[in-house]
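# Architecture and fold: a report
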Number of protein chains: 2
Amino acid sequence: MKFCTNCGKPLIEQIPIGDDRVRYVCPFCNTVHYENPKMVVGCIPEWKNQILLCKRAIEPGLGKWTLPAGYLEKGESVAEGARREAWEEAYARLNHLTPYGIFNLAFVSQVYIMFRCQLIDTDFRPGEESLSVRLFNEDEIPWADLAFTVIEKSLTLYFHDRKKGIFAVHMEDIEPRQRL
Amino acid sequence: MKFCTNCGKPLIEQIPIGDDRVRYVCPFCNTVHYENPKMVVGCIPEWKNQILLCKRAIEPGLGKWTLPAGYLEKGESVAEGARREAWEEAYARLNHLTPYGIFNLAFVSQVYIMFRCQLIDTDFRPGEESLSVRLFNEDEIPWADLAFTVIEKSLTLYFHDRKKGIFAVHMEDIEPRQRL
C-alpha cells in the first residue's frame, strides 16, 4: 500500500493517536488505512459415503485437489459464500450447511470457516477454476496431492469424526506447510 | 475508495476479466482493489454465574453496554483477537475460549465470531474504550441498554442454552436494528 485511497497522496507508516500498531496513514488528509484478515469460506460436500473434491485449474496448487472454498464477498453471509464457491468451482448445489471448522492461517492473515453439507444431486461439473470435480471414498482421497494444509486438516478431522459418529466444531491453528 | 493504492491515480469501477462483480480497478497500473468483509471477534466472559459487560466510552453506542469485541487484526488467530479485545476494553484475562456463535451482519459486511470463556480473576477495570465494566447476573442484564443487536442475540442465546445446560455453536443472520 503506497498511496492514499482518499486523496492519492503518498502514505506513511505511523501509529495513529489512540492506536497501538503501525498503520498506513495519509499525512495530507489523515485517512488511516486499516488492513484486516480475510475470510475464506468453504465446505465438505457429502454424497452418501463420498466427498466432492475439485482439481485446481489455477495457481496456487494448480493440478492439486481441494475442497470448494474462496474469499467471502461483501454483503454475503458465510453460508452464502460457501454455497457460491461450491457453485463457481463445481456447479455443486448444497443443503444443510453446518459449521464444522474455524481455521486460523495467521501467517497469511486468513481465517477459514468450513462447513459440512450435503450435495443436492450429482449434477456437478468443473467450474472455470477447476480441471475436474469428482466424488471420493475415504480410501481414494489423494492425500499426497491436496492443494493446501487447511484442506488436509479439514478432511483428516472429518474422517476421524465420521468414524466416531460425532462431529464437533473444530478450531485449529494451521502452520505453513513444511517443504522438504 | 477513489485512488489507486499502488500508483495514486484515480480508480474506476469495472468488472475485471474473469470476475463477476464490480471492483475498484486502476486503469493505469491495472491493480484490482478487492474489498472484503471484516471479522469481529468477541466473547462472553463468565465469572461463576455472572457475565462481564462493558459500558462504551465511544460511539457507536456511547453509554450503552456491550460484550468485549472488536476487529480482528492481521496475523492474529480469532481466539488471540478475542483475548486482546477483552484486555483492551476491560483489562480482563480469559481462559477456556470456546467458539459459541458465528453471526452474519451482511448489511455492514461484518462477521462476528463470539466465544464463551471464563475470567481468570476479577481484577478487571475499564479500558480506554469503556466507561465502566462490571459483572451482571442474568436478571440484571440491561436489555434495553445494549449497544448492538448482535450482543443482544449472543446473550439471549447464551442464557437460553445455559438454562438447558447445553451450549450449541450458533450461526445466525443479524438484521439492522429497527428504530421506532
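Residues numbered from 1 in each chain as written. Chains lettered and ligands numbered in written order. Predicted model: local features only at pLDDT ≥ 70, side-chain atom pairs only at ≥ 80, totals over all residues.

### Concerning the overall build of chain A
The test is simple: Per the convention used, a helix needs a DSSP run of H or I reaching at least four residues, while a strand needs a run of E reaching at least two, with both numbered from the N terminus. Here exposure depends only on C-beta density: within 10 Å of a residue's C-beta, 20 or more other C-beta atoms make it buried, 12 or fewer make it exposed, and intermediate numbers make it partly exposed, the C-beta atoms being placed from the backbone.
Across its full length, chain A carries two helices and 11 strands. Along chain A, from the amino end to the carboxyl end, the secondary structure elements read β-β-β-β-β-β-β-α-β-β-β-α-β. Taken along its principal axes, the extent of the C-alpha atoms in chain A is 60 × 35 × 30 Å. In chain A, which comprises 180 residues, the proportion classed as buried is 37%.

### Brief notes about the confidence of the model for chain A
What counts, and what does not: Confidence of the predictor at the level of single residues is given by pLDDT, which spans 0 to 100.
On average, residues of chain A score 96 in pLDDT, and 98% of them are at 70 or above. Scored as a complex, the prediction yields pTM 0.95 and ipTM 0.93.

### Considering the interface of chain A and chain B
The cut-off we apply is this: This entry defines residue contacts through backbone-placed C-beta atoms, with two residues in contact when those atoms are within 7 Å. We call Asp, Glu, Lys and Arg charged. Ala, Val, Leu, Ile, Met, Phe, Trp, Tyr, Cys and Pro are nonpolar, and the rest, Gly among them, are polar.
The partner chain B presents 30 residues to the 30 residues of chain A that form the contact. Elements with a minimum of two residues in the side of chain A that touches chain B: strand E4 (38-47), strand E8 (94-105), strand E9 (110-119) and strand E11 (170-173) of chain A. Looking at side-chain class alone, the side of chain A that touches chain B contains 16 nonpolar, eight polar and six charged residues.

### Digging into the domain arrangement of chain A
The line we're drawing: These domain boundaries are the output of an automatic or database domain assignment.
Domain boundaries in chain A define domain 1 (1-35) and domain 2 (38-173). A straight line from the C-alpha centre of domain 1 of chain A to that of domain 2 of chain A covers 36 Å.

### Comments concerning the relation of the copies chain A and chain B
Under the convention used in this document: For this overlay, a least-squares fit was computed on C-alpha atoms, restricted to residues scoring pLDDT of at least 70 in both copies.
Taken as rigid bodies, chain A and chain B are interconverted by a rotation of 180° and an axial shift of 0.0 Å, the fit giving an RMSD of 0.0 Å. The symmetry that links the two subunits is that of a two-fold axis. Identified as the residue of chain A closest to the rotation axis by C-alpha distance is A:Gly8, at 2.2 Å. A share of 100% of interface residues in chain A that are also interface residues in chain B marks the association as one of identical surfaces.

### Topic: the sheet that holds strand E1 (residues 12-14) of chain A
Residue and element names in this part refer to chain A. Applicable threshold: One bridge is not enough; two strands pair if DSSP finds at least two bridges between them.
The strand order E1-E2-E3 describes an open sheet built from three strands, whose pairing is antiparallel. Sheet topology places E1 and strand E3 (32-33) at the edges, where each strand pairs with a single neighbour. Pairing analysis gives three bridges linking E1 to strand E2 (residues 23-25), with the strands arranged antiparallel. For Glu13, the partnering residue across the bridge sits in E2 and is Tyr24.

### Let's talk about the sheet that holds strand E3 (residues 32-33) of chain B
Pairing is antiparallel across the open sheet formed by three strands, whose spatial order is E1-E2-E3 (chain B). In this open sheet, the two edge strands, each paired with only one partner strand, are strand E1 (12-14) and E3 of chain B.

### Here we look at the environment of B:Ser132
Residue and element names in this part refer to chain B. Mapped onto the elements of the fold, Ser132 is located in strand E10 (residues 130-136). Looking at Ser132, the number of C-beta atoms within 10 Å reads 14, which means it is partly exposed. Between the C-alpha atoms of Ser132 and Ala79, which are 53 residues apart in sequence, the distance is 24 Å.

### Here's the deal with the nonpolar core
Quick reminder of the rule: Each nonpolar core consists of buried Ala, Val, Leu, Ile, Met, Phe, Trp, Tyr and Cys residues. Their C-beta atoms, within 7 Å, join them into a set.
Judged by nonpolar contacts, the single largest core of 84 residues is most densely connected at A:Cys43, A:Tyr112, A:Ile113, B:Cys43, B:Tyr112 and B:Ile113. With sequence-adjacent residues up to four places away left out, A:Ile113 is seen in contact with A:Met39, A:Val41, A:Val78, A:Pro99, A:Ile102 and B:Ile102. Formed by eight residues, the second largest nonpolar core is a distinct cluster that contains A:Cys4, B:Phe3, B:Leu11 and B:Cys26.

### With respect to helix H2 (residues 149-164) of chain B
Count 3.6 residues to each turn of an α-helix, and residues three or four apart come out pointing the same way. Residues and elements named next belong to chain B. Selection rule: Helix span, as expected, comes to 1.5 Å for every residue beyond the first. The arc refers to the directions leading from the helix axis to the C-beta atoms.
The end-to-end C-alpha separation of H2 is 23 Å, in line with the 22 Å expected for 16 residues at 1.5 Å each. The complete set of buried residues in H2 reads Val150, Ile151, Ser154, Leu155 and Tyr158. Each buried residue of H2 lies within a common arc of 130° when the element is viewed along its axis, so the set occupies one face. Facing away from the buried surface of H2 by more than 90 degrees, the exposed residues are Lys163 and Lys164.

### Overview of the environment of B:Leu67
Residues and elements named next belong to chain B. Mapped onto the elements, Leu67 comes out in the loop between strand E6 (65-66) and strand E7 (69-71). By the C-beta count within 10 Å, which is 28 here, Leu67 ends up buried. Along the primary structure Leu67 and Thr5 are separated by 62 residues, whereas in three dimensions their C-alpha atoms are 35 Å apart. With residues up to four places along the chain from it excluded, the contact list for Leu67 reads Gly42, Cys43, Ile44, Leu53, Ile151 and Ser154.

### Considering helix H1 (residues 78-90) of chain B
Residue and element names in this part refer to chain B. The terminal C-alpha atoms of H1 lie 18 Å apart, and with 13 residues this matches the ideal 18 Å at 1.5 Å per residue to within 8%. By the burial criterion, the buried members of H1 are Val78, Ala79, Gly81, Ala82, Arg83, Glu85, Ala86, Glu89 and Ala90. Tyr91 sits one or two positions beyond H1 and adopts a positive phi of about 45°.

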